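# Observations on the three-dimensional arrangement
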Amino acid sequence: MRIQKIWPLFLILSLSILSGLARAEEIVAITNVRIVPVVGNDIEKGTIIIRGEKIENIGPDIVIPQGAKIINGQGLTAYPGLIDGYSQLGLSEIGSVQATIDFRETGRINPQVLATEALRPDSMHIPVTRSNGITAALVAPSGGLISGRSGLIQLYGWTPSEMVIKAPVAMHVELPAARAGFRRQANQPSEGSRLLDEVRELLDQARWYEKRKIAASKNKLIPFPEFDEKLEALIPVIHGELPLMISVHSASDIRSAIKFVQEQKVRAIFYGVSQGWMVAREIAQAGIPVIFASLHQLPPSWEDGYDALYRNPGVLRQAGVKIAFSSSSASLAKELPYHAAKAAAFGLDKREALKAVTIYPAEIFGVDQLMGSLEKDKLANIVLAEGDILELRTVIRHVFIRGQEIDLSSIYTEYLEKYKKRVEKK
Amino acid sequence: MRIKKIYLLSLLVCFFLLPATASTGPTYAIVNCRIVSPPLPVIEKGVIIIRDGLIEAVGIQGKIDIPEDAQIIEAEGMTAYPGLINAHTNLFLEAVQEPAQQAPGATRPQAPAERTPTRPDLQVLTQLKPRKSDIDNFHRIGVTTVLVAPQRGIFAGQSVLLNLNGEKIEDMVVKNPVALHIQFVTERGSYPNSLMGTMAYLRQSFLDAAHYAEHLATWKKSPRFLVRPVYNPFLEALIPFVVERKPVIFTCNNQEDIKRAIRLTQEFKLQAILSGANEAWRVGEELKAAKLPLLVALNFRPPTTSIYATRGEAIRRQAEQEIYPANAAELQKLGLTFALTSLGLSDASTFQKNIQQAIKAGLPAETALKALTVIPAQLLGIDSFLGTIEAGKIANIVLCKGEIFDPKGEIQKVWVDGRLFKIEKAPEAKAPAAFSVAGSWRVTISSPMGEMEMTMELEQEGSSVRGQLISNYGRWEIRGGQLSIQELTFTVSIEIMGRTFEASFQGKVEKETMEGTVQIPGGTADFRATRIPRSL
Amino acid sequence: MKRILIFIFLLITSTGFIYAGGNLLLKNGTILTVTRGVIPRGDILIMDGLIKQIGENITPPPGVKVIDVSGKYIIPGIIDSHTHIALAGTNETGSANTAEVNMRDVLDAEDTSIFTAISGGVTTIHTLHGSANPIGGQNITLKLKWGKKAEEMIFPQAWPTLKFALGENVTQANRQLSPGEERRYPASRMGVVAFIRRELERARNYLAEWDRYNELKKIKLLNRPLLPPRKDLQLEVLADLLRGKLVARCHSYRADETLEFIKLSHEFGFRIACFEHIPEAYKIARELAAEKIGISVFMDSWAYKVEAAEGIATMPAFCTQQGVLVSLNSDSNERIRRLFNDAAKAIKYGGLSEDEALKLITLNPAIQLGVDKYVGSIEVGKHGDLAVFNEHPLSAYTRCDLTIIEGEVYFDREAYLKERQEAQKASPRPKATGGDQ
């Protein structure tokens, strides 16, 4: 079966399985709540009606349907569930134990692997993350030059198919990062353009491969090419159906990547982009969206400035680039909102920071009709927080994924409860 | 095959055909020259008489009798200086391979001596392989005397002072040993493998040496009822320096090393000289208080730990060109005593250029001259016979047209131990070849009969190459070497036991390696060569 | 002479004597003193490096620099009690007991990580030997006076500490061996305990030997030659630990190995100031509180090793509530500049108050280092070590704008931005296209 035709099927299939999770058409009404829909104006005091999986209605004065379960949102703010632009959730448990790591395949060229096919729904990191208001995440492979394909999951489900929202989402290419930290100078000659040549070569091979397959299917005298899983996986990329997510860092590599994307006529998303602030206008003109890696790293060189990674998002947004944040982690995926806030501390508009963890990643991944904002007919991925969701001190009270209220317990709460008992029985 | 046997025989033969000791040289009278030898007053027109390697007389023109047997050296318009003393080099040492170390599975902590192979007893003299080209290069810049120090290890070993007077090491030795050399390095793969470990190791070694000496002395005085001290060669070697306070030289790569050396010197009351110290000005106050003499390396590269090296290439380059060259000038302003050395530089001409740069950056030329003559002589304890042009001292003299540190100055003649060396102008660089093959190479010739190792010393001018091929069976001159882009060809006349034959080499050159074939009567063999990295 | 030196030493360590302090007046900031509440709009006057006055509308003495911090927040300078910056090297791995090594010998005042730290409001650090050995080396406490010499950074009043370590790092459990290579002893937790016990026994014997020698020395008519025992720097340090001149700071992860180490401390009579990292502290909060041993921990870094798999973010708050003295550390030259973000999480995960959260990075680490008389809160008489933020320090949107140590400004964001602009104009680097610099 041609892979490029599969993914819309995946989407439909997962949606139907997932709808089985929600109990038949339950109605929930969140009342008296401050609403930050992200798209459109804030509502100081309003109501959200959830029917089944979707937001049925949302506004300041709304009639609450019969039989609705009421949740009093007094003192709370409703946000759309946050979306992590790049993580290893479900693919990594304990960093030093190789047996728990499944996001890194051996060898340099692995377009055929799909991260969601290694997903572990029982990962201890998922409950911790969703209890901090993150409801969806990109789970991505890493390593080598072409690491594989990523998928978007929701942070709730008993099985991988119950969790996968869309797969594949992107094909991952990694160009090396300059060594971080001030001690090492970022003077190493950039390998980026040489590696892109390699990718170009592979894309050309995929083009040839597809042409050959088409010719063979039309003419019985032409034998089919030998099945090549890697080239098969690259075909959707050359047609612009599957974007390339290119992990790129130095300014010169970013320029090479822009040129590459334009000349190859592929869709692209850039990830990392540590020196993006140096070439912001060029990225904006090329129309390539950017997903930042974790901001909790040191800039590659002293000359970039100690705050380079912190002010990078603000500079890019101002130049007109569509941005999103990511945690780049599994155990620290709950940090997502604080990367956004850190960027806001160094120049990014606060509203844009919130959008960069909600609607912008949804748009980048092509799922904005389903999520990313609180609007009628979108999925009821809703977070009720005791304040600003990007603030460190804010406690999250309720999380809904597809209209289902999620139990906020996790390994954090379980162990605490267990050992509280020890001190209680004196 | 037959060829190999010939090599073996020629080895034996060569041993017995060693030349006799050097003959007494001529007497010289340098006349009409200006004599500059601080701190002595300048003699505007003077005479120097050299006989049997010593300065027989020196004085004002007319007041000194010219001996009958003297060769007259007319030095009108020229200046005579004492031969320069380069007080810290790693000259003539082969590049050191790091031996593979295993991490010891030590279950019991051991005394420092058992743990590491550092060699305080090592006499570097035993490891030297003199090279004519190095000697020539130093003569060209007026250096006649060098201190050669061992390179490897925390207790690296003991240094030797050489007069660069010819070919044989024995003829060159002026003083041995000079000092124990200590470096703030680590022993990879064993203890100590970190700088903090090295400091603790040094302290413990000094304590152990003192304790061992006390044990030996006590046992000698009254051995009864006292356990006999166990012979420990490591601690024996340390006693002269730790207990008897013979001189110790610390190599200091950065300002923190200087402070470490000062602390150790004061804690253990050592007699220390600090060497390297290319950012000594940054701890000028501490050095003034400690009153320790310095051997300052004219290496302007900021150490990797320096703030000048960690903030980007632009800052680092500026520091190398403007800030570090002013080190010596700053030390002079602070009133510190220092000599100048070439430690860390890769060739003699860089040393000369850097002396000039240091003077441009504010070091008075006279201080520079003192720092290369009388001061190193005093610091190394050889000032009673070297360092100035005075009657009775060793005849190390440089005759220069113009000022010795002036870029336009021309050194024309150099005497070392009274032996005259005429200085040729440094070869002009002709059309530069794509590569420079100049330097030392380790060559392996492989034939069906086996492999032979030898060393190759090359010099290059433009596209002509000459040099020497050195093997255990002899040294042969390389002639007619031509380098065309990356292709090197040359011939060697190999002479063994009266038989001569030509070996034609042809190879492809890369930056650090060479590969090709050797043609000899009787067959062809393959050769490979790798560069031997060197430092001064 | 010795007596005079001792007297001077005591004088220096008992007063707030400072090498060379500055004079400064901060005006109109919101002052979070940590121990005496919040002053919504106030001034702090620092003279000769010490806080002289805190209040409203203070008139500056002539010649004192005035900085207006209207709209900004002032907290005590942040203290990171577990880091490895400002050192040329972290571990000596050539032996499993390296008590003889001293961080004092490898200070690196030009480590750019110091700048990273002060850009995040950190003024004091306790920088340690690494966790490669069961018995590591002697640590040191520094004030981050960026630009000054290493000796000027030393905080002399801090307790001398000795690093111990337990668990996976010491047994090298996560290290791949080359063929033929054998593991270093000790390679199991039981070996670690046995090893430490053995080394401390050696130290006891060493002390006994010296005592015996000193006794024999007094005997005048001893008709045998007397040689003093060999002075062993390693055992000297361990002996000092047994004599109470040093305190232990022990890196541990699991609750059980921590309890074993506490038992050792009773067996040999030495004092543990603090356990480092100990993600499982919540399991033995009771014991830690009873023993009065502090902990210095990460907020929420976990699951990177098996022994860290049961670390929970609620632990710092829970242990504080159980009476354990808790401080937050970074152990990282990147996280060191976000300690104030970590402190804020203790409010969300566990419900600490604002002051309690701020204490995790100010007063508590000061107490653990023995310097709470001088730093850790904004009080008259303490050192003028302050950090100024543009928003509330516990907000995610905040940024450190000024870091002051003993009345001198070491980090000034405004000045830094100006300097960077100048440097970029002069730099040979290609100019950025688009966006601000």
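From a predicted model like this one, the values you see are computed outputs, not experimental measurements.

### A look at the overall build of chain A
Per the secondary structure count, chain A includes twelve helices and 16 strands. In terms of principal-axis extent, the alpha carbons of chain A reach across some 70 × 60 × 50 Å. Looking at chain A residue by residue over its 426 residues, the buried ones come to 61%. A separation threshold of at least 6 residues defines the contact pool for chain A, and within that pool the share at least 24 residues apart is 69%. Taken as two groups, the 50 positive and 47 negative side-chain charges of chain A have centres that lie 1 Å from each other.

### Focus: the overall build of chain B
Assigned secondary structure in chain B consists of 13 helices and 26 strands. Within chain B, the proportion of its 536 residues that are buried is 53%.

### So, the interface of chain C and chain A
Across the contact, 61 residues belong to chain C and 61 residues belong to chain A. Carbon and sulfur atoms make up 54% of the surface buried where chain C meets chain A, a total of about 5,500 Å² over both sides. Across the chain C-chain A interface, the total number found is six salt bridges. As a salt-bridge pair, Arg422(A) and Glu287(C) come within 2.6 Å of each other at their nearest N and O atoms. Applying the counting rule to chain C against chain A returns 26 residue pairs in polar contact (both at pLDDT 80 or more).

### Notes on the domain arrangement of chain A
Residues and elements named next belong to chain A. Its domain assignment divides chain A into domain 1 (24-81 + 372-426) and domain 2 (82-370). Placing a centre on the C-alpha atoms of domain 1 and another on those of domain 2 gives a separation of 29 Å. Listed per partner, the contact involves 31 residues of domain 1 and 30 residues of domain 2. Counting each side, the surface lost to burial between domain 1 and domain 2 is near 2,500 Å², with a carbon and sulfur contribution of 66%. Of all residues in domain 1, Val38, Leu390 and Ile401 bury the most surface against domain 2, accounting for 24% of the area lost on that side. Seen at the junction of domain 1 and domain 2, the total is one salt bridge. A salt bridge links aspartate 42 to arginine 351, with the nearest nitrogen and oxygen atoms 2.6 Å apart. It is strand β15 (residues 396-401) that contributes the most residues to the side of domain 1 that touches domain 2, four residues altogether. Tallied by class, the residues present in the side of domain 1 that touches domain 2 amount to 18 nonpolar, seven polar and six charged.

### Description of the packing of aromatic side chains
Throughout the structure, instances matching the rule amount to 35 aromatic pairs over all chains. Where Phe292(A) meets Phe325(A), the ring centres are 5.5 Å apart and the plane angle is 35°; that geometry is what we call tilted. With a gap of 33 residues between them, Phe292(A) in the loop between β12 (290-291) and α8 (308-319) and Phe325(A) in the loop between β13 (323-324) and α9 (336-345) connect regions that are remote in the sequence. Each of the two residues, Phe292(A) as well as Phe325(A), counts as buried. Aromatic ring contacts, followed pair by pair, group Trp302(A), Tyr306(A), Phe115(C), Trp146(C), Phe411(C) and Tyr416(C) into a single cluster. Just above the ring of Trp277(A) sits the side chain of Arg311(A); from NZ or CZ to the centre is 4.6 Å.

### Re the packing of helix α5 (residues 195-221) of chain B against helix α7 (residues 255-268) of chain B
Residues and elements named next belong to chain B. Relative orientation of the contacting elements α5 and α7 amounts to 20°, with a least axis distance of 11 Å. Overall, the two elements α5 and α7 adopt an arrangement that is roughly parallel. Crossing angle aside, the handedness with which α5 passes α7 is right-handed. Of the residues in α7, those in contact with Leu195, Met199, Leu202, Arg203, Phe206 and Leu207 of α5 are Arg260, Arg263, Leu264, Glu267 and Phe268. Among the residues making up the contact of α5 with α7, the classes are represented as seven nonpolar, no polar and four charged.

### Some remarks on the sheet that holds β13(A)
Residue and element names in this part refer to chain A. An order of β6-β7-β8-β9-β10-β11-β12-β13 is seen for the eight strands of this open sheet, with the pairing classed as mixed. Each having just a single partner strand, β6 (82-87) and β13 make up the two edges of the open sheet. Where strand β9 (residues 164-174) and strand β10 (residues 244-248) come together, four bridges link them in parallel fashion. For glutamate 174, the partnering residue across the bridge sits in β10 and is serine 247. Contacts between α9 and the sheet are confined to β6 and β7 (134-139), with β6 contributing the most and set at about 95° to the helix.

### Re empty space enclosed by the protein
If a probe the size of a water molecule is rolled over the atoms, the empty space left behind becomes visible. Residues and elements named next belong to chain C. As enumerated under the stated definition, the model contains 13 cavities of 30 Å³ or more in all. In this structure, the largest cavity encloses a volume near 100 Å³. Around the largest cavity, the lining is made up of 13 residues, and of these Pro279, Phe298, Met299, Ser301 and Gly311 lie nearest the centre. Tallied by class, the residues present in the lining of the largest cavity amount to nine nonpolar, three polar and one charged.

### Brief notes about the nonpolar core
Within the largest apolar cluster, 302 residues are counted, with the highest numbers of intra-cluster contacts made by Phe270(A), Phe250(B), Phe261(C) and Ile295(C). At ten residues, the largest contribution of residues to this core is made by α5(B). In contact with Phe250(B), other than residues within four places in its own chain, are Ile182(B), Phe184(B), Ala261(B), Leu264(B), Thr265(B), Leu270(B), Ala272(B), Ile273(B), Leu274(B) and Ser275(B). Among the nonpolar cores identified, the runner-up in size contains 28 residues, and Ile445(B), Tyr473(B), Val492(B) and Phe505(B) belong to it.

### Section: the environment of Leu26(C)
With respect to the helices and strands, Leu26(C) occurs in strand β1 (residues 24-32). Linking Leu26(C) and Gly42(C), residues 16 residues apart in sequence, is a C-alpha distance of 8.4 Å.

### Focus: unusual backbone geometry
The linkage connecting Tyr191(B) with the following residue, Pro192(B), adopts the cis geometry, with an omega of -10°. Tracing the backbone through its elements, the reader meets Pro192(B) in the loop between β11 (180-183) and α5. Omega for the peptide link from Tyr185(C) to Pro186(C) comes to -5°, which places this bond in the cis form. With respect to the secondary-structure elements, Pro186(C) resides in the loop between α4 (168-171) and α5 (189-218). Non-glycine residue Asn28(C) carries a positive phi angle of around 70°. Its location among the elements puts Asn28(C) in strand β1.

About the criteria used
Residues numbered from 1 in each chain as written. Chains lettered and ligands numbered in written order. Predicted model: local features only at pLDDT ≥ 70, side-chain atom pairs only at ≥ 80, totals over all residues. Heavy atoms only, no water. Helix = DSSP H or I, 4+ residues; strand = E, 2+ residues; numbered from the N terminus. Buried < 20%, exposed > 50% of the residue type's maximum accessible area, 1.4 Å probe, protein only. Contact = heavy atoms within 4.5 Å. Lys, Arg positive; Asp, Glu negative; His and termini not counted. Charge placed at Lys NZ, Arg CZ, Asp CG, Glu CD. Buried area = accessible area lost by both parts, 1.4 Å probe. Salt bridge = Lys/Arg side-chain N within 4 Å of Asp/Glu carboxyl O. Polar contact = N/O pair within 3.5 Å; in protein donor to acceptor, adjacent residues only side chain to side chain. Domains from an automatic or database assignment. Nonpolar A, V, L, I, M, F, W, Y, C, P; charged D, E, K, R; others polar. Phe/Tyr/Trp six-rings, centres within 6.5 Å; stacked < 30°, edge-to-face > 60°. Lys NZ or Arg CZ within 6 Å of the ring centre and 35° of its normal. Axes fitted to C-alpha atoms, helices over the stretch in contact; angles between N-to-C directions. Parallel < 35°, antiparallel > 145°, perpendicular 65-115°, else oblique. Left-handed = near helix turned anticlockwise from the far one by under 90°. Pairing = 2+ DSSP bridges. 1 Å grid on protein atoms, 1.4 Å probe; cavity = no way out; pocket = protein on both sides within 12 Å on 5 of 7 lines; lining within 4 Å. Points joined across faces, edges and corners; volume = space filled by probe spheres on them. Core = buried A, V, L, I, M, F, W, Y, C linked by side-chain atoms within 4.5 Å.

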